[in-house]
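# Working through the structure, step by step
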Amino acid sequence: MTVAAGTLFVVSTPIGNLGDLSERAIATLRSVNAVLAEDTRHSRPLLERHGVAAKLVAYHEHNEAKTTPLLVARLVGGESFALISDAGTPLISDPGSRLVRAAIDAGVVVAPVPGASALLAALVGSGLDAERFTFFGFLARKGRARTEAVAAIGALAHTAVLYEAPARVGETLADLATAGAGDRQAVVARELTKQFEEFRRGTVRVLAESYMNEAPRGEVVLVIAGAEPMVLDEDALRIRARALRADGLSARDVVRVLTEEAQAPRNLAYRLAHE
Ligand code: SAM
């Protein structure tokens, strides 16, 4: 007889307001054999409040490598688990991706039970373009990885969302200003869904100055507007096209650069690339 594998539910929990735990999340947490939590002491009150009797098992960055194979074996054996993090959606700057990948590789069904995430709450409350965005999580604190991420946000043509520790908000905004994003609109979303929820809006430079003087209190998400497209007139576009051709780009690549980077109309880019 073959045993049907269990399911790994990826369950979002509140990021502040306890009312944000969905009915389906509660039902799921009550139904599973065990709840895998980043910090069992932190999550126990939430589960007790909702009458969840399932066993709590610690699953965090320090034991995930060791415990993942054991947990997957139990899933394959027919048990079901709910993975939660301290707050919000697991895997989003939180542990879980290793387990999800291993479960999928073992043929176990992975079912998301969506809910709160600071990333989306900040984005939709920011007023900045939410059609297209890149999530950067926490930036590296120093070194090349940080320089590259800051430069990437500086050049990004659409919205960037990042998490940051309160004490580092001023420095990160200042670094972004130095990377050319100083005049872009930004929003510092603080204490989302909590009593002192706040959206501070301004340019990156002005917010940087303010938070260098005084770090925000509580948890924050930074949302940065994308760079305005370069608006070049025909003469400037011609010079750019010649320079690109001199660099060895094909006419086709020149058209692509002029239309994507400089937002030139396609027929004009085509003509300049072939002049
Ligand atoms: N997995 C979580 C999620 O889905 O939002 C994020 C976990 S990450 C370890 C924690 C970071 O998320 C915080 O440093 C902060 O940047 C952001 N965050 C979490 N809750 C927040 C809240 N209520 N208000 C603002 N930012 C929050």
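Residues numbered from 1 in each chain as written. Predicted model: local features only at pLDDT ≥ 70, side-chain atom pairs only at ≥ 80, totals over all residues. Heavy atoms only, no water.

## A short note on the overall build of the protein chain
- The helix and strand tally for the protein chain stands at 11 helices and 10 strands.
- The C-alpha atoms of the protein chain give 24 Å as radius of gyration, which overshoots the globular expectation for 275 residues (19 Å, by more than 25%).
- The principal-axis extents of the C-alpha atoms in the protein chain amount to approximately 75 × 50 × 35 Å.
- Per-residue burial over the protein chain gives 44% buried out of 275 residues.
- Sequence-distant contacts in the protein chain: of pairs separated by 6 or more residues, those separated by 24 or more amount to 68%.
- For the protein chain, the accessible surface area stands at approximately 14,700 Å², while carbon and sulfur atoms represent 52% of it.
- For the protein chain, the distance from the average position of its 31 positive side-chain charges to the average position of its 33 negative side-chain charges is 4 Å. (Helix = DSSP H or I, 4+ residues; strand = E, 2+ residues; numbered from the N terminus. Rg over C-alpha atoms; globule rule 2.2 N^0.38 Å. Buried < 20%, exposed > 50% of the residue type's maximum accessible area, 1.4 Å probe, protein only. Contact = heavy atoms within 4.5 Å. Areas by Shrake-Rupley, 256 points an atom, 1.4 Å probe, with all protein chains shown as cover. Lys, Arg positive; Asp, Glu negative; His and termini not counted. Charge placed at Lys NZ, Arg CZ, Asp CG, Glu CD.)

## A closer look at the domain arrangement of the protein chain
- Along its sequence, the protein chain is carved into domain 1 (7–116), domain 2 (119–224) and domain 3 (234–273).
- Computed over C-alpha atoms, the centres of domain 1 and domain 2 are 29 Å apart.
- Taken together, both faces of the contact between domain 1 and domain 2 bury some 510 Å²; the carbon and sulfur share is 64%.
- The largest share of the area that domain 1 buries against domain 2 comes from I15, I92 and S93, three residues that together contribute 76% of it.
- Our count for the domain 1 to domain 2 interface comes out at 0 salt bridges.
- The interface formed by domain 1 and domain 2 contains 1 residue pair in polar contact (both at pLDDT 80 or more). (Domains from an automatic or database assignment. Buried area = accessible area lost by both parts, 1.4 Å probe. Salt bridge = Lys/Arg side-chain N within 4 Å of Asp/Glu carboxyl O. Polar contact = N/O pair within 3.5 Å; in protein donor to acceptor, adjacent residues only side chain to side chain.)

## Observations regarding the site of the ligand
- In the region of the ligand, 19 residues are neighbours, and I92, D94, A118, L192 and V220 sit closest.
- Contact between the ligand and D94: a nitrogen atom at 2.8 Å from a side-chain N or O atom of the residue.
- Compared with its free state, where it exposes 570 Å², the ligand has 90% of that area covered by protein.
- In this structure, the ligand is accommodated by the largest pocket.
- Broken down by secondary-structure element, the contributors of at least two residues to the shell around the ligand are β7 (159–164) and β10 (220–224). (Near = heavy atom within 4 Å. 1 Å grid on protein atoms, 1.4 Å probe; cavity = no way out; pocket = protein on both sides within 12 Å on 5 of 7 lines; lining within 4 Å. Sits in = over half its atoms within 2 Å of the grid points.)

## Some points on helix α4 (residues 97–105)
- Of all the positions in α4, only L99, V100 and A103 are classed as buried. Seen along its axis, α4 keeps its buried residues to an arc of 100 degrees; they face one direction. Across α4 from its buried face, at more than 90 degrees, point the exposed residues R101 and D105.
- Each element contacted by the buried residues of α4 is listed here: β1 (7–11), β2 (34–37), α3 (64–76), β4 (81–84) and β5 (109–113).
- After α4 finishes, the residue G107 shows a positive phi value of roughly 80 degrees. (Arc of directions from axis to C-beta.)

## Some thoughts on the side chain of H50
- Within the fold, H50 resides in the loop between α2 (40–49) and β3 (55–58).
- Those residues in contact with H50, other than ones at most four positions away along the chain, are L21, I26 and R30.

## What to know about the packing of aromatic side chains
- Tallied over the full model, the rule gives 2 aromatic pairs.
- With a centroid separation of 5.0 Å and an interplanar angle of 70 degrees, the aromatic rings of F135 and Y163 are classed as edge-to-face. On the criterion of sequence distance, the pair formed by F135 in strand β6 (residues 133–138) and Y163 in strand β7 is long-range, its members being 28 residues apart.
- Judged by its relative accessible area of 26%, F135 is partly exposed.
- Seen from their ring centres, F138 and Y163 are 5.7 Å apart, and the 65 degrees between their planes marks the pair as edge-to-face. Taken together, the residues span a long stretch of sequence, with F138 in strand β6 and Y163 in strand β7 at a distance of 25 residues.
- Each member of the aromatic cluster is reached from another via a ring pair, and the members are F135, F138 and Y163. (Phe/Tyr/Trp six-rings, centres within 6.5 Å; stacked < 30°, edge-to-face > 60°.)

## Side note on the nonpolar core
- The biggest cluster of nonpolar side chains holds 21 residues, and the ones touching the most others in it are L162, L173, L176, V188, V204, L222 and I224.
- Looking at this core, the elements with two or more residues in it are α6 (143–155), β7, α7 (169–181), β8 (185–190), α8 (204–213) and β10.
- A per-element tally of this core places α7 first, with 5 residues.
- Among all residues touching V188, those that are not within four sequence positions of it are L173, E198, F199, R200, L207, Y211, V220, V221 and L222.
- Core analysis: the next-biggest nonpolar cluster, separate from the first, contains 18 residues, V35, L46, V52 and V113 among them. (Core = buried A, V, L, I, M, F, W, Y, C linked by side-chain atoms within 4.5 Å.)

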